Amino acid sequence: QPRLVESGGGRVQPGESLRLSCTTSGIIFRHYSMGWYHQAPGKQRLQVARITTPGDPIYAPSAKGRFTISRDNNKDTVYLQMNDLKPEDTGMYYCNAEKLMENSYWGQGTQVTVSS
């Protein structure tokens, strides 16, 4: 049974940093591209970053220059380093595992609150 578990969220002030982690089980991690999605209150879930199986990152414009996605295939874990956080980064962050022609899997999310 595939399982994705996010951690690392919290409440920070503007300009501070957080590192999110998503640990997976039940999938062959290295075969999946991994993404992080942000869902602000009352808004749709949007991808902020994705990392391909070879390790190439893709960023949404809002994340470029501030967020870094990485993966550790030995630990079946994907990370999202978030720097210079802004109030508009507040919301739930979800981890996603995707493989062509197969189901996509989601975690339960971790809350990030950026407020002074």
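Residues numbered from 1 in each chain as written. Predicted model: local features only at pLDDT ≥ 70, side-chain atom pairs only at ≥ 80, totals over all residues. Heavy atoms only, no water.

J.: I'd like to hear about unusual backbone geometry, residue by residue, with values.
T.: For residues besides glycine, phi is generally negative; the peptide bonds are generally trans as well. Positive phi values are uncommon outside glycine, yet D84 reaches one of about 50°. Along the chain, D84 turns up in the loop between β8 (77–82) and β9 (91–98). Of note, the phi angle at M101 is positive, near 70°, even though the residue is not glycine. With respect to the helices and strands, M101 occurs in the loop between β9 and β10 (105–106). You can call M101 exposed: its relative accessible area is 81%. (Helix = DSSP H or I, 4+ residues; strand = E, 2+ residues; numbered from the N terminus. Buried < 20%, exposed > 50% of the residue type's maximum accessible area, 1.4 Å probe, protein only.)

J.: Tell me about the state of the cysteines, and name the residues and values.
T.: Each disulfide is one covalent bond, formed between the sulfur atoms of two cysteines. In the structure shown here, the tally under the stated rule is one disulfide. With a sulfur-sulfur separation of 2.1 Å, C22 is cross-linked through a disulfide to C95. Handedness of the C22-C95 disulfide follows from its S-S torsion of about -80°: it is left-handed. Within this pair, whereas C22 is found in strand β3 (residues 18–25), its partner C95 is found in strand β9, the two being separated by 73 residues in sequence. Across this residue pair, the class does not change: C22 and C95 are buried. (Disulfide = S-S within 2.5 Å.)

J.: Hey, could you go over the packing of aromatic side chains for me, with residue numbers and the actual values?
T.: This model, assessed by the stated rule, comprises two aromatic pairs. Between Y32 and Y105, the ring centres sit 6.2 Å apart and the planes meet at 50°, which makes this aromatic pair tilted. Of the two residues, Y32 sits in the loop between β3 and β4 (33–39) while Y105 sits in strand β10, which places them 73 residues apart along the sequence. Note on Y37 and W106: the rings are 4.7 Å apart at their centroids and 65° apart in plane angle, and the pair reads as edge-to-face. One end of the pair, Y37, is in strand β4; the other, W106, is in strand β10, and 69 residues separate them in sequence. On the basis of relative accessible area, W106 is assigned to the partly exposed category, the value being 35%. Note that R71 overlies the ring of F29, its terminal NZ or CZ placed 4.5 Å from the centroid. (Phe/Tyr/Trp six-rings, centres within 6.5 Å; stacked < 30°, edge-to-face > 60°. Lys NZ or Arg CZ within 6 Å of the ring centre and 35° of its normal.)

J.: With reference to specific residues and values, describe the pairing of strand β7 (residues 67–72).
T.: Of the two faces of β7, the one lined by F67, I69 and R71 is fully buried and the one lined by T68, S70 and D72 carries no buried residue. Sheet topology note: the β7/β8 ladder contains six bridges and is antiparallel. By the bridge assignment, I69 is partnered in β8 with L80. Joining the antiparallel neighbours β7 and β8 is a turn of four residues, in which D76 adopts a positive phi near 55°. (Pairing = 2+ DSSP bridges.)

J.: Describe the pattern of salt bridges, listing the residues and the values that go with them.
T.: Scanning the model with the defined rule gives three salt bridges in all. Between K86 and D84 there is a salt bridge whose closest N-O contact spans 3.5 Å. What makes D84 partly exposed here is its relative accessible area of 38%. Salt-bridge contacts for K99 lead to E102; the nearest nitrogen and oxygen are separated by 3.4 Å. Among the residues examined, K99 registers a relative accessible area of 26% and is labelled partly exposed. (Salt bridge = Lys/Arg side-chain N within 4 Å of Asp/Glu carboxyl O.)

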